[in-house]
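Okay, here's what each chain looks like letter by letter:
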Amino acid sequence: DTGVSQDPRHKITKRGQNVTFRCDPISEHNRLYWYRQTLGQGPEFLTYFQNEAQLEKSRLLSDRFSAERPKGSFSTLEIQRTEQGDSAMYLCASSLAPSGRYEQFFGPGTRLTVL
Amino acid sequence: AQKITQTQPGMFVQEKEAVTLDCTYDTSDQSYGLFWYKQPSSGEMIFLIYQGSYDEQNATEGRYSLNFQKARKSANLVISASQLGDSAMYFCAMREGGFKTIFGAGTRLFVKA
């Protein structure tokens, strides 16, 4: 089964350090999404790619955050100069378009803890 | 303004009984999609069911059904014959436009043996 995978699953870092997360979507999916989820909340949209093009970024995504999907396959999310408020679960999802339903298939997430 | 509202932070249901999880939404779009996802303690989001705004019939997927009342802007999830494995967080979500999906705050369901 080749579902959405994310690496690493857990990351502990010190404030001020840079971190990078990777997401591998379902192979035929052309859309890829990043979300952030804090405890007790639903996922919050961060950004979205169609193939290699980043088509939307949330205002939640400060200039310390950058995402890429260089060849329209895997994606990376980098957080520079991490802050304690960045501690959260970072979820990646993918979907296939055009598709009438657009349901997104989620990966297991990367849990970030900033000390 | 909050676009997805789930008013039940927690719900209890007896095993084998049915339960309804409430969801109301707000949009001015004519075309939108509504989803329910399940998130067990393991953390992974699992797609359950989808309802398109133009679908005339309520969606069903096995033990899950979506009670779609367009005029009331509600999209409640009904789980029939609850099982212990149904204990999890449940999120209602709405897709506006082509891709952006907004999630509610979730309802935690506890299934009692």
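Please refer to the structure higher up on the page.
Now for a look at the structure at hand.

Parameters at a glance
- Residues numbered from 1 in each chain as written.
- Chains lettered and ligands numbered in written order.
- Predicted model: local features only at pLDDT ≥ 70, side-chain atom pairs only at ≥ 80, totals over all residues.
- Heavy atoms only, no water.
- Salt bridge = Lys/Arg side-chain N within 4 Å of Asp/Glu carboxyl O.
- Buried < 20%, exposed > 50% of the residue type's maximum accessible area, 1.4 Å probe, protein only.
- Helix = DSSP H or I, 4+ residues; strand = E, 2+ residues; numbered from the N terminus.
- Contact = heavy atoms within 4.5 Å.
- Buried area = accessible area lost by both parts, 1.4 Å probe.
- Polar contact = N/O pair within 3.5 Å; in protein donor to acceptor, adjacent residues only side chain to side chain.
- Nonpolar A, V, L, I, M, F, W, Y, C, P; charged D, E, K, R; others polar.

1. Notes on the pattern of salt bridges
Residue and element names in this part refer to chain A.
Phase 1: Per the stated rule, a full pass over the model turns up five salt bridges over all chains.
Phase 2: In this structure, Asp24 and Arg22 form a salt bridge, with 2.7 Å as the shortest nitrogen-oxygen distance.
Phase 3: A relative accessible area of 25% means that Asp24 is categorised as partly exposed.
Phase 4: The residue Glu83 makes a salt bridge to Arg64 at a minimum N-O spacing of 3.4 Å. With a gap of 19 residues between them, Glu83 in the loop between strand 8 (75-79) and strand 9 (88-95) and Arg64 in the loop between strand 6 (53-57) and strand 7 (65-68) connect regions that are remote in the sequence.
Phase 5: What makes Glu83 partly exposed here is its relative accessible area of 42%.
Phase 6: The exposure class of Arg64 is buried, given its relative accessible area of 10%.
Phase 7: Where salt bridges share partners, they join Arg64, Glu83 and Asp86 into one cluster.

2. Things to note about the interface of chain B and chain A
Phase 1: Tallying the contact residues gives 17 residues for chain B and 20 residues for chain A.
Phase 2: For the pairing of chain B and chain A, the buried interface totals around 1700 Å² over both sides, and the portion due to carbon and sulfur atoms is 57%.
Phase 3: The tally of links between chain B and chain A comes to zero salt bridges.
Phase 4: Our enumeration of links across chain B and chain A arrives at three residue pairs in polar contact (both at pLDDT 80 or more).
Phase 5: Broken down by secondary-structure element, the contributors of at least two residues to the side of chain B that touches chain A are strand 5 (32-39), strand 6 (46-52), strand 10 (88-96) and strand 11 (100-103) of chain B.
Phase 6: Of the residues that constitute the side of chain B that touches chain A, the class distribution is nine nonpolar, four polar and four charged.

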